[in-house]
Structures are given as structure tokens and as C-alpha cells.
Amino acid sequence: DKGGWSSFMAKEVSEQPDAVANTLRGRIVDGVVVIPELAEFGDEALARIRRIVIIACGTAAYAGQVAKYAIEKWAKVPVDVELSHEFRYRDPVIENDTLVVSISQSGETMDTLMAVKYAREAGAVAISICNTQGATIPRESNAVIYTHAGPEVAVASTKAFVAQIAALYLFALHLARVRGTLGSAELLEHTAELQAIPEKIATTLLQGDAVRQLATWMTDSRAVLFLGRHVGFPIALEGALKLKELAYIHAEGFAAGELKHGPIALIEPGQPVFVVVPSPRGSAHLHPKVVSNIQEIRARGARVIVIAEQGDAAVLPFADTVIHIPLAAPLFEPLLAVVPLQLFAMELATAKGLDVDQPRNLAKSVTVE
Ligand code: F6R
């Protein structure tokens with residue numbers, strides 16, 4: 001039931017505040033993250049972990065890439081994010097102090113399932129982040145942290161993505177506490193940031209009309225580029241994936257710092273480029289670098305659509321369109337910046353008369369390798 005929405009995707013995008021809130025519910029007690037699902041490992045075992053390998057495919061892998069920044073910063077454990085199908089077939093080094101974290105909305109993705117089985121046979125402990133109760137991947141894992149996004153019907157993953165990041169951030173804060181890498185004041189501060197996210201996503205959703213207008217003049221675009229830096233990089237990749245799968249437009253995401261190393265050659269007059277801009281307050285060292293990237297592509301005629309923090313005046317002179325997101329600490333910006341990109345892909349596909357819930361050639365659950 002679409003509940004009055006034009007598509008399941010529109011409904012699910014709108015449900016993102018609840019997807020995050022429900023994933024946090026019961027897991028924060030007096031401002032402190034508590035994950036009973038991890039109790040069986042014991043805090044000492046988690047404290048001894050030397051390396052984390054995140055395995056996932058598609059959008060779930062981008063959630064993993066976002067979480068890498070948070071886990072390394074907060075819990076000080078090295079994190080590799082690997083596509084399940086690449087991990088499984090390249091003789092990866094797995095040691096018994098390696099923790100494997102799989103991420104899967106469906107819990108049935110064959111590539112990820114095989115990678116989890118492979119890792120466990122090699123002696124790793126495997127935790128699953130999953131949105132589907134009782135699915136195969138959680139059953140094949142040592143423990144599961146369920147996301148509570150609710151059933152996701154549209155093929156394109158949206159609310160599951162933000163719920164995955166929320167669950168991974170809970171995990172990162174839990175890990176930071178048991179490993180003693182963050183003090184209690186910092187733990188409380190980050191946990192409070194996480195709890196504020198549902199309301200900020202709701203505010204971001206109010207940009208829907210601005211995004212729809214943008215989509216209407218872009219229906220003839222042949223290619224769209226997405227730039228991001230730091231946690232904005234996986235969001236650029238996710239924005240490009242959404243546009244490919246829904247609107248069948250060639251789209252690529254780049255790390256903004258790579259621009260000069262090749263992609264800038266693609267910029268010609270009229271080329272649309274989305275830029276996810278880090279906060280000028282929270283990322284004072286990165287913000288000017290991204291603004292300078294914007295100037296470089298603008299000077300070559302790019303049509304620049306900027307996703308920037310409310311009040312970021314530095315981007316205004318160089319942007320053709322600015323979409324604002326609420327203020328948040330840098331690591332939390334992805335949960336907001338992804339929303340206009342999801343909406344954009346959905347609106348552009350809709351403007352082209354395409355079926356946003358069931359894009360061609362795709363299945364919701366990829367149960368073959
Ligand atoms: C993109 C999308 C896919 C899935 C990927 C993994 O919108 O939906 O990229 O994210 O197939 O699926 P799960 O999370 O079910 O393992």
C-alpha cells in the first residue's frame with residue numbers, strides 16, 4: 001500500500017526520519033549506546049579487534065564507506081570496505097582478530113552471503129547489519145544488528161540506506177566505548193547528534209519542491225557528475241547510482257580531490273555537476289578546497305548544483321542552484337545530503353515517465369551471483 005504516495009519510493013523516502021528513529025529506538029539508554037545483540041561477544045573480545053572488514057554491494061556498500069570514517073575516527077580500528085563479490089574471490093587475508101561486518105537490506109544478496117560464509121570458514125567473526133528479520137545472512141552470522149527501516153518495496157534503496165548508517169554509527173559508538181577511545185562527554189555528544197538526525201532529515205525533505213524544479217529542466221541531460229569529499233564522497237557515489245538506476249542517465253561520482261587527476265577533462269559548457277559541500281564550520285579545512293573545486297568547474301562552464309549547509313554563503317556566488325541541508329556535525333552530514341540526491345533521481349525519472357519503483361533490468365533482491 002502506497003499510503004497515498006505516487007510510488008513506493010516516494011513513500012519510503014518520506015519515511016526516512018522514522019527509519020532512523022526506529023533503528024535507534026531502545027538502543028540508547030540515558031544518552032549511552034547499548035547494543036544487547038553484541039553482548040554475547042563480551043566487551044573484551046570487541047576491544048581486541050584489530051581490523052574490521054565491511055562487505056556489501058551497491059547502496060549498502062556506500063553505507064559502509066560512510067561508516068568507515070566514523071568507525072576509524074571514534075573507535076580507532078582500521079576499516080576496509082569491500083564489495084562482497086571482489087572480497088570473496090581474491091584470497092583476502094582474514095585473521096582471527098578480524099571482524100567482518102556485512103550490510104544487506106534484504107539479507108539474501110548471494111554475493112554478500114557467500115562472502116560471509118567464506119569469512120567465517122576462514123575464522124572471522126561476522127556481524128550482520130540487516131533489515132529483514134530472519135533472513136539468510138543474519139542466520140549465517142555470529143550476531144545481527146537489525147535496522148528497523150520497515151519493509152522496503154521500491155527497488156532503489158533509500159530508507160534502508162539511512163537506517164544502515166544509523167545502525168553502523170551505533171555500532172561505532174558502542175565500539176568506541178568498550179575500547180575506551182572516546183571519553184564520556186564525546187560519546188554523549190555524538191549520540192545526541194545521532195538522535196537529532198530524524199528531525200533534520202524531516203527538514204531536508206522540505207527541499208522536495210526545489211529538487212523537483214531542478215529535475216524538470218534536466219530531463220534531457222546525457223550525463224551528470226557528482227563530486228564529494230570525505231564522507232561526501234560515498235554520497236556522491238550514491239547520488240550517481242540512484243540516477244543511473246532510476247533515470248537511466250549516465251552518472252558518475254568522484255572524490256572532489258580527484259578532479260585535477262582526470263575527471264575535470266569531462267567538464268564542458270552546460271555539464272551538470274552536483275557538489276556535496278562539507279560544512280564551513282565543522283570542516284573548516286576541507287570546505288575551501290571544495291569551494292575551489294566548484295570555482296574550477298564553473299570557470300569551464302559547468303552547471304553547478306550545490307548541496308550545502310544552511311547559511312554557507314561562500315558557495316552562493318558560484319552555484320547555479322543551492323539546496324540547503326540543516327546544520328550537523330561533519331560525520332552526520334551524509335544522512336542529510338543523500339536526501340536531495342534520492343529525490344532528484346526520483347523526480348527526474350518521474351519527469352521522464354519512468355517507473356521509479358521497478359526500474360528496468362533490476363531486481364529488489366539479487367539472489368544469484
Ligand atoms: C541500489 C540498490 C542496490 C542494493 C544492493 C544490495 O538502490 O538497491 O544497489 O543496495 O543490491 O542489496 P542488499 O542491501 O539487499 O544486500
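Scoring rules and cut-offs
- Here the residue numbers are simple positions, counted from 1 along each chain's written sequence.
- Predicted model: local features are reported for residues with pLDDT of at least 70 only, side-chain atom pairs are reported and counted for 80 or more only, and whole-chain, interface and lining totals are derived from all residues.
- Side-chain measures were taken over the full set of non-hydrogen atoms in the model, leaving aside hydrogen atoms and water.
- Only protein chains enter the accessibility calculation, which uses a 1.4 Å probe. A residue is then buried if its area is under 20% of the maximum for its type, exposed if over 50%, and partly exposed in between.
- A helix here means a DSSP run of H or I that spans at least four residues, while a strand means a run of E at least two residues long, and both kinds are numbered starting from the N terminus.
- Strands are treated as partners if at least two bridges between them are detected by DSSP.
- Every crossover in which the path from the first strand over the helix to the second runs clockwise, viewed with the strands pointing away from the viewer, is termed right-handed.
- Nearness here has a simple test: a residue counts as near a molecule or strand if at least one of its heavy atoms is within 4 Å of that partner.
- By the criterion applied in these results, polar contacts are pairs of N or O atoms within 3.5 Å in which, for protein atoms, one can donate a hydrogen and the other can accept it, and in which residues neighboring in sequence qualify only through two side-chain atoms.
- Residue burial considers only the protein chains on display, and all accessible areas are found by Shrake-Rupley using a 1.4 Å probe.
- We call Asp, Glu, Lys and Arg charged. Ala, Val, Leu, Ile, Met, Phe, Trp, Tyr, Cys and Pro are nonpolar, and the rest, Gly among them, are polar.
- Two rings from Phe, Tyr or Trp (for Trp, the six-membered ring) form a pair when their centres are within 6.5 Å of each other. A pair whose planes differ by under 30 degrees is stacked, one over 60 is edge-to-face, and the rest are tilted.
- Consider the ring centre and the ring normal. A charge sits over the ring if Lys NZ or Arg CZ is within 6 Å of that centre and within 35 degrees of that normal.
- Each residue after the first adds 1.5 Å to the expected span of a helix.
- Axes, fitted as lines to C-alpha atoms, cover a helix only where it is in contact. Angles between the N-to-C directions of the axes lie from 0 to 180 degrees.
- Between 65 and 115 degrees an angle is taken as roughly perpendicular, under 35 as roughly parallel, over 145 as roughly antiparallel, and anywhere else as oblique.
- Rotating anticlockwise by less than a right angle from the far helix to the near helix defines a left-handed crossing, while the corresponding clockwise rotation defines a right-handed one.
- Whether two residues touch is decided by their heavy atoms; if any such pair falls within 4.5 Å, the residues are in contact.
- The disulfide criterion is simple: two cysteine sulfur atoms within 2.5 Å.

Draft legend 1. Quick look at the pairing of strand S11 (residues 303-309). Where burial is concerned, most of S11 is hidden: 6 out of the 7 residues are buried. Bridge analysis of strand S10 (residues 272-276) against S11 gives 5 bridges, and the strand direction is parallel. When the sheet's bridge partners are listed, Val 273 is paired in S11 with Val 304. Viewed along the sheet, the connection from S10 through helix H12 (residues 287-299) into S11 turns out right-handed. When S11 meets strand S12 (residues 321-325), the two strands line up parallel, connected through 5 bridges. Residue Ile 305 lies in a different strand from S12, and its bridge partner there is Thr 321.

Draft legend 2. Examining the site of the ligand more closely. The full set close to the ligand counts 13 residues, and Ser 104, Gln 105, Ser 106, Thr 109 and Glu 245 are the nearest of them. One of the side-chain nitrogen or oxygen atoms of Lys 242 is found 2.8 Å away from an oxygen atom of the ligand. Considering the ligand on its own, with 410 Å² of exposed area, one finds that the protein chains cover 88% of that surface. Every element with two or more residues in the shell around the ligand is listed here: helix H4 (58-75) and helix H11 (232-247). Here the shell around the ligand gets 3 residues from one element, more than from any other, and that element is H4. By residue class, the composition of the shell around the ligand is 4 nonpolar, 7 polar and 2 charged.

Draft legend 3. How the structure looks around the packing of aromatic side chains. Going through the model one piece at a time under the given rule, you end up with 6 aromatic pairs. Consider the rings of Phe 87 and Tyr 118, whose centres lie 6.3 Å apart with planes at 85°: the pair is edge-to-face. Here Tyr 118 lies in helix H6 (residues 110-121) and Phe 87 lies in helix H5 (residues 84-88), a separation of 31 residues in the sequence. Judged by relative accessible area, Phe 87 falls into the buried class, the value being 1%. Relative to Phe 344, the ring of Phe 274 lies with its centre 4.6 Å away and its plane at 55°, an arrangement referred to as tilted. Remark: Phe 344 occurs in helix H13 (residues 334-351) and Phe 274 occurs in strand S10; sequence separation between them is 70 residues. An aromatic cluster of at least three residues, connected via ring pairs, comprises Trp 74, Tyr 169 and Phe 332. Over the ring of Trp 217 we find Arg 303; its NZ or CZ atom is 3.6 Å from the centre of that ring. If you follow Arg 360 out to its NZ or CZ, it ends over the ring of Tyr 248, 3.8 Å from the centre.

Draft legend 4. Molecular detail of helix H8 (residues 159-179). The end-to-end C-alpha distance of H8, which contains 21 residues, comes to 30 Å, matching closely the 30 Å that a straight helix rising 1.5 Å per residue would cover. Across the 21 residues that make up H8, a large majority, 19, are buried. Among the residues trailing H8, Gly 180 stands out with phi positive, at a value near 70°.

Draft legend 5. Local environment of the packing of helix H2 (residues 16-24) against H8. Running from N to C, H2 and H8 cross one another at 30°; their axes reach a closest spacing of 8 Å. When the interaxial angle is binned, H2 and H8 end up roughly parallel. When you trace H2 past H8, the crossing you get is right-handed. Here H2 contributes Gln 16, Ala 19, Val 20, Thr 23 and Leu 24 to the contact with H8, which in turn contributes Lys 159, Val 162, Ala 163, Ala 166, Ala 167 and Leu 170.

Draft legend 6. Spatial organisation of unusual backbone geometry. In this structure, Asp 30 is a non-glycine residue whose phi angle is positive, near 50°. Inspection of the secondary structure puts Asp 30 in the loop between strand S1 (28-29) and strand S2 (32-33). The residue Asn 361 is not glycine, and still its phi comes out positive at about 70°. One can find Asn 361 in the segment after H13. Since its relative accessible area comes to 77%, Asn 361 is described here as exposed.

Draft legend 7. Just the sheet that holds S10, in detail. An order of S9-S8-S10-S11-S12 is seen for the 5 strands of this open sheet, with the pairing classed as parallel. The open sheet is flanked by strand S9 (250-255) and S12, the only strands paired with a single partner. Averaged over all pairs of adjacent strands, the angle between their axes in this sheet comes to 20°, without regard to strand direction. Relative to S10, H12 is tilted by about 175°, and along the sheet it contacts strand S8 (223-228), S10 and S11.

Draft legend 8. Fine view of the state of the cysteines. Going through the model one piece at a time under the given rule, you end up with 0 disulfides. Cys 57 takes part in no disulfide bond, and the closest cysteine sulfur to it belongs to Cys 130, at a distance of 13 Å.

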